[in-house]
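Structure at a glance
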Amino acid sequence: MNKKILIVEGYLASGKSTFALRLSQKLKVPYLIKDTFKTALCKSVTIADRQESSRFSGITFDAMMYVAERMLEAGYPLVIEGNFVPAGIKKTDESEIIRQLIKRYAYRSLDFKFVGDTRVLHQRFIEREKTPERGQANVIGEEVPLGVFDTWCHNLDGFHVGGRSVRVDTTDFNHVDFQGLLETAHQFMNE
């Protein structure tokens, strides 16, 4: 058994999901990506507005943590990804829930915190909203001003579950050493 969990978290439109998928494929470790999990949960549900989407985000987190806990109690390694929030942002302190799972099952964690210049990420976010791959469950459905987007991103700064953390600035993907990050994860898994 390899009791390790890799967490890919941070700002919106920072490349978290793409990296989590690459990480899973490289390490041959199962992954749970919050947006795709939400899309699967809401496949037969129509989401009418932003408020309903937020409610389903909470449901998605709960369902993800249920599956994650089943994996952890069986001793499997796992990659989880999402814009997980610390205390005081939403009703649920997602960082504390993840921290408690890690502690309960005596896991070690490696956290990849994706950040960047929110002006650049905001442009990516706007473009991403227009793509069909985003899925109806994840689309905001309205123009999000830069100031609001910036607040959403910085609300995530306080997420921390203990363990090792690697900060990844994805303002310019060409300047990110993705191969080095994958090697860091590989070394962590083999420690």
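Look above for the structure.
These numbers come from a predicted model, not from an experiment. (Residues numbered from 1 in each chain as written. Predicted model: local features only at pLDDT ≥ 70, side-chain atom pairs only at ≥ 80, totals over all residues. Heavy atoms only, no water.)

Describing the packing of aromatic side chains
Inclusion rule: What counts as a ring pair is set by centres within 6.5 Å for rings of Phe, Tyr and Trp (its six-membered ring), and what kind of pair is set by the plane angle: stacked under 30 degrees, edge-to-face over 60, tilted for all other angles. Numbered from the N terminus, helices here are DSSP runs of H or I no shorter than four residues, and strands are runs of E no shorter than two. Exposure is judged per residue with a 1.4 Å probe applied to protein chains only, and the accessible area is read against the type maximum: over 50% gives exposed, under 20% gives buried, and values in between give partly exposed.
Taken as a whole and judged by the stated rule, the model has eight aromatic pairs. For the pair Phe 19 and Phe 112, a centre-to-centre distance of 5.2 Å together with 70 degrees between the ring planes defines the contact as edge-to-face. Here Phe 19 is found in helix H1 (residues 16-27), whereas its partner Phe 112 is found in strand E4 (residues 108-115), with 93 residues between them in sequence. Overall, the relative accessible area of 1% leaves Phe 19 in the buried class. Among the aromatic residues, those joined into a ring-pair cluster are Phe 19, Phe 112, Phe 114, Phe 173 and Phe 178.

Re the pattern of salt bridges
This is how the line gets drawn: For salt bridges, the criterion is a side-chain nitrogen of Lys or Arg within 4 Å of an Asp or Glu carboxyl oxygen.
Tallied over the entire structure, the rule returns nine salt bridges. Here Arg 70 and Glu 73 are joined by a salt bridge, their closest N and O atoms 2.7 Å apart. Remark: Glu 73 and Arg 70 occur in helix H3 (residues 50-73); sequence separation between them is three residues, near one turn of the helix. Two residues, Arg 108 and Glu 191, come together in a salt bridge whose shortest N-O distance is 2.8 Å. Here the residue Arg 108 occupies a position in strand E4, and Glu 191 occupies one in the segment after helix H7 (178-190), the gap between them amounting to 83 residues. By relative accessible area, Arg 108 is classed as partly exposed at 40%.

Things to note about helix H2 (residues 34-41)
Note the cut-off: Within this analysis, the arc is defined by the directions that extend from the helix axis to the C-beta atoms.
Every buried residue of H2 is accounted for by Lys 34, Phe 37 and Lys 38. Along the axis of H2, the buried positions cluster into a sector of 100 degrees, meaning they face one direction only.

Concerning the packing of helix H5 (residues 118-129) against helix H6 (residues 146-154)
Here is the rule: A fitted line through C-alpha atoms represents every axis, and for helices the fit uses only the stretch in contact; the resulting angles, taken between N-to-C directions, go from 0 to 180 degrees. Angles below 35 degrees are treated as roughly parallel, those above 145 as roughly antiparallel, those between 65 and 115 as roughly perpendicular, and all remaining angles as oblique. The contact definition used throughout considers only heavy atoms, calling two residues in contact when any of these lie within 4.5 Å.
In contact at an axis separation of 10 Å, H5 and H6 are set at 105 degrees when each is read in the N-to-C sense. Considering the angle they form, H5 stands roughly perpendicular to H6. Every residue of H6 that contacts H5 at Thr 118, Arg 119, Leu 121, His 122 and Phe 125 is listed here: Leu 146, Phe 149, Asp 150, Trp 152, Cys 153 and His 154.

What about the pairing of E4?
When a strand is regular, its side chains alternate between the sheet's two faces. Where we set the bar: If DSSP finds at least two bridges between two strands, the strands pair.
In terms of residue burial, E4 counts as a mostly covered element, since seven of its eight residues are buried. Examined bridge by bridge, strand E1 (residues 4-10) and E4 share seven bridges and lie parallel to one another. Directly across from Gly 10, in E4, lies its bridge partner Phe 114. Both E4 and strand E5 (residues 164-169) contribute to a ladder of six bridges, which runs parallel.

Details of unusual backbone geometry
One non-glycine residue with positive phi stands out, namely Ala 13, at about 60 degrees. Take Ala 13: it is sitting in the loop between E1 and H1. The phi torsion at Lys 28 lies on the positive side, around 60 degrees, for a residue other than glycine. For Lys 28, the location among the structural elements is in the loop between H1 and strand E2 (31-33). The exposure class assigned to Lys 28 is exposed, which follows from its relative accessible area of 73%.

A word on the environment of Val 176
Looking at the secondary structure, you find Val 176 in the loop between E5 and H7. Val 176 sits 50 residues away from Ile 126 along the chain, and the two C-alpha atoms are 22 Å apart. Those residues within four positions of Val 176 in sequence are excluded, and the remaining contacts are Val 168, Asp 169, Thr 170 and Leu 181.

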